[in-house]
Amino acid sequence: MFIKRVPQFEYHVPASLGGAHQLLSRYGRQARLMAGGTDLLGAMKRRDMVVGHLINLKGIKGLEGIDFHETAGLKIGGLTRLGDLERSAVVRDKYAILMDALDVMASPQIRNLATIGGNLCGAVPSADTAPPLIALRASVVLYGHSGQRTVLVENLFKGPGESILGPDEILTRIIIPPPAEFSGGAYIKLMTRNAMELAIVGVAVHLSLDKDGKTCRQATIALGAVGPTPLRALQAEKVLGNRAIHEELAKEAGKAASREANPISNIRATKEYRTEMIGVLTARAVMKAYERIRKNRTKGGQRT
Ligand SMILES: Cc1cc2nc3c(=O)[nH]c(=O)nc-3n(C[C@H](O)[C@H](O)[C@H](O)COP(=O)(O)OP(=O)(O)OC[C@H]3O[C@@H](n4cnc5c(N)ncnc54)[C@H](O)[C@@H]3O)c2cc1C
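This structure is a prediction, so every number in the text was calculated from the model and none was measured.

Thresholds, definitions, all that
- Residues numbered from 1 in each chain as written.
- Predicted model: local features only at pLDDT ≥ 70, side-chain atom pairs only at ≥ 80, totals over all residues.
- Helix = DSSP H or I, 4+ residues; strand = E, 2+ residues; numbered from the N terminus.
- Rg over C-alpha atoms; globule rule 2.2 N^0.38 Å.
- Buried ≥ 20, exposed ≤ 12 C-beta atoms within 10 Å, placed from the backbone.
- Near = placed C-beta within 6 Å.
- Nonpolar A, V, L, I, M, F, W, Y, C, P; charged D, E, K, R; others polar.
- Domains from an automatic or database assignment.
- Contact = placed C-beta atoms within 7 Å.
- Expected span 1.5 Å × (residues − 1).
- Pairing = 2+ DSSP bridges.
- Axes fitted to C-alpha atoms, helices over the stretch in contact; angles between N-to-C directions.

Undergrad: Please clarify how the overall build of the protein should be interpreted in this entry.
TA: Each helix and strand counted, the protein has 11 helices and 14 strands in total. The C-alpha atoms of the protein give a radius of gyration of 20 Å, which matches the 19 Å a tight globule of 304 residues would have. On the principal axes, the C-alpha backbone points of the protein span a range of 60 × 45 × 35 Å. With 304 residues in all, the protein has 46% of them scored as buried.

Undergrad: How should I be thinking about the site of the ligand in this particular structure?
TA: The ligand sits among 31 residues. The nearest are Ala35, Gly36, Ala106, Gly118 and Asn119. Counting residues per element, the ones that place at least two in the shell around the ligand are β2 (31–34), α2 (40–45), α7 (116–121) and β10 (170–176). Among the elements that line the shell around the ligand, the one with the most residues is α7, at 4 residues. Here the shell around the ligand is built from residues that sort into 18 nonpolar, 10 polar and 3 charged. Two domains each put at least three residues into the shell around the ligand: domain 1 (10–56) and domain 2 (66–176).

Undergrad: Sorry if this is basic, but what is going on with unusual backbone geometry here?
TA: Generally, phi is negative for residues other than glycine and the peptide bonds are trans, each holding for most cases. Phi is positive for Ala123, which is not a glycine, with a value near 55°. Mapped onto the fold, Ala123 is located in the loop between α7 and α8 (130–135). A tally of 21 C-beta atoms within 10 Å means that Ala123 is categorised as buried. Of note in this structure, Met196 is not a glycine but carries a positive phi near 50°.

Undergrad: I tried to follow the environment of Pro160 on my own but got confused; where do I start?
TA: By secondary structure assignment, the location of Pro160 is in the loop between β8 (157–159) and β9 (162–163). With 106 residues separating them along the chain, Pro160 and Asn266 place their C-alpha atoms 14 Å apart. With near-sequence residues (within four places) excluded, Pro160 lies in contact with Pro125 and Pro228.

Undergrad: How should the domain arrangement of the protein be read in this particular structure?
TA: How large an interface is tends to be reported as the accessible area lost when its parts come together. Domain boundaries assigned for the protein yield domain 1 (10–56), domain 2 (66–176) and domain 3 (183–296). In this structure, domain 1 and domain 3 have C-alpha centres spaced 36 Å apart.

Undergrad: For this particular structure, what's the right way to read helix α10 (residues 247–260)?
TA: End to end, α10 covers 20 Å across 14 residues, agreeing with the expected 20 Å (1.5 Å per residue, within 8%). Looking at α10, one finds that the buried residues are Ala250, Ala253, Gly254, Ala256, Ala257 and Ser258. In this fold, the buried residues of α10 make contact with β13 (216–224), α9 (234–240) and α11 (271–299).

Undergrad: What is the right way to read the sheet that holds strand β5 (residues 73–77) from this model?
TA: The strands making up a sheet associate through hydrogen bonds between their backbones, and the pairing can be parallel or antiparallel. Strand order in the open sheet made by the 5 strands is β4-β5-β10-β6-β7, with antiparallel pairing throughout. Edge positions in the sheet fall to β4 (66–69) and β7 (147–152), since each of these pairs with one other strand and no more. Neighbour-to-neighbour, the strand axes of this sheet turn through a mean angle of 20°, independent of strand direction. Alignment of β4 against β5, held across 4 bridges, turns out to be antiparallel. Within β5, the residue paired with Asp67 across the bridge is Lys75.

Undergrad: Would you mind showing me how to read the sheet that holds strand β12 (residues 201–209) here?
TA: Judged by pairing direction, the sheet is antiparallel, and its 4 strands sit side by side in the order β11-β12-β13-β14 without closing on themselves. Looking at which strands have only one partner, the edges of the open sheet turn out to be β11 (183–190) and β14 (231–232). When β13 meets β14, the two strands line up antiparallel, connected through 2 bridges. Paired with Ala222 across the two strands is Arg232, which belongs to β14. Relative to β12, α11 is tilted by about 35°, and along the sheet it contacts β11, β12 and β13.

Here is the structure:
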């Protein structure tokens, strides 16, 4: 088999964010940041991207790690590997919706290289961590020459492969709010096989219930792989608001979500199939999130 080599490039490993910025301003459009390289190196090999200067972020201390605080929530370093998140007891216990995504991403080998920051910054519409993070109302911290800014994950994407990051900005951290009482979520990914597959459709639902354990106080629904960017299904969220959750209501929300998305037909699925499956999966994810909250409620804990 013919294997393409990566074209020649200069390799840099800065030890600080300042050092990375210096390199970015010196080499401009020829420079590219690298985290795990699982997306980037493939694109370079395929000549989809020409990179003269590759800046590996892994030499910068403090960009990796998972830190949970009951009031501040979860802080995840942008360079944290998906495998480390998958092995985190805090993520598994308190952010099950994110764990749903990690469990079905790529393969263990890829997850041990790939980072959560790389998954978001690649801005692929099917990126699996995006819908759960949007549903959790997570933000990212972007660090550039002019300082630091915090942006909701739902506002991070501009189009396929295009994010709002400026040319000198580095995603340093992801912040997820602490789990609220009686809240929880679920992510469901439609694939043609159980591993090593991009989402045909991905649906994340996060619910907060009233004390009665039935009425939906707030719903956040995010869809992946059904438009140029991951998106919120705002009308479907409205369907659930202030109503007692049950299967028929979940199906109604599913129908609303189907109407909000604008999927394309491609080699992996037709527009019609995707549209149908948004409805089915939204309804399933609503019920899965609901059952999770109720189960957890009887155990006396919180899980989102
Ligand atoms: C076989 C295979 C299977 C895969 N399966 C899945 C899957 O199931 N689901 C899925 O969502 N993805 C999948 N992917 C895609 C990929 O593995 C993930 O998107 C991964 O999380 C990318 O992270 P990375 O650290 O490798 O990013 P890199 O490849 O290093 O970078 C990706 C992009 O993000 C930019 N970047 C990275 N980190 C930062 C940062 N901190 N600040 C600013 N810019 C940054 C880079 O410049 C580059 O443009 C798969 C890839 C392969 C090869």
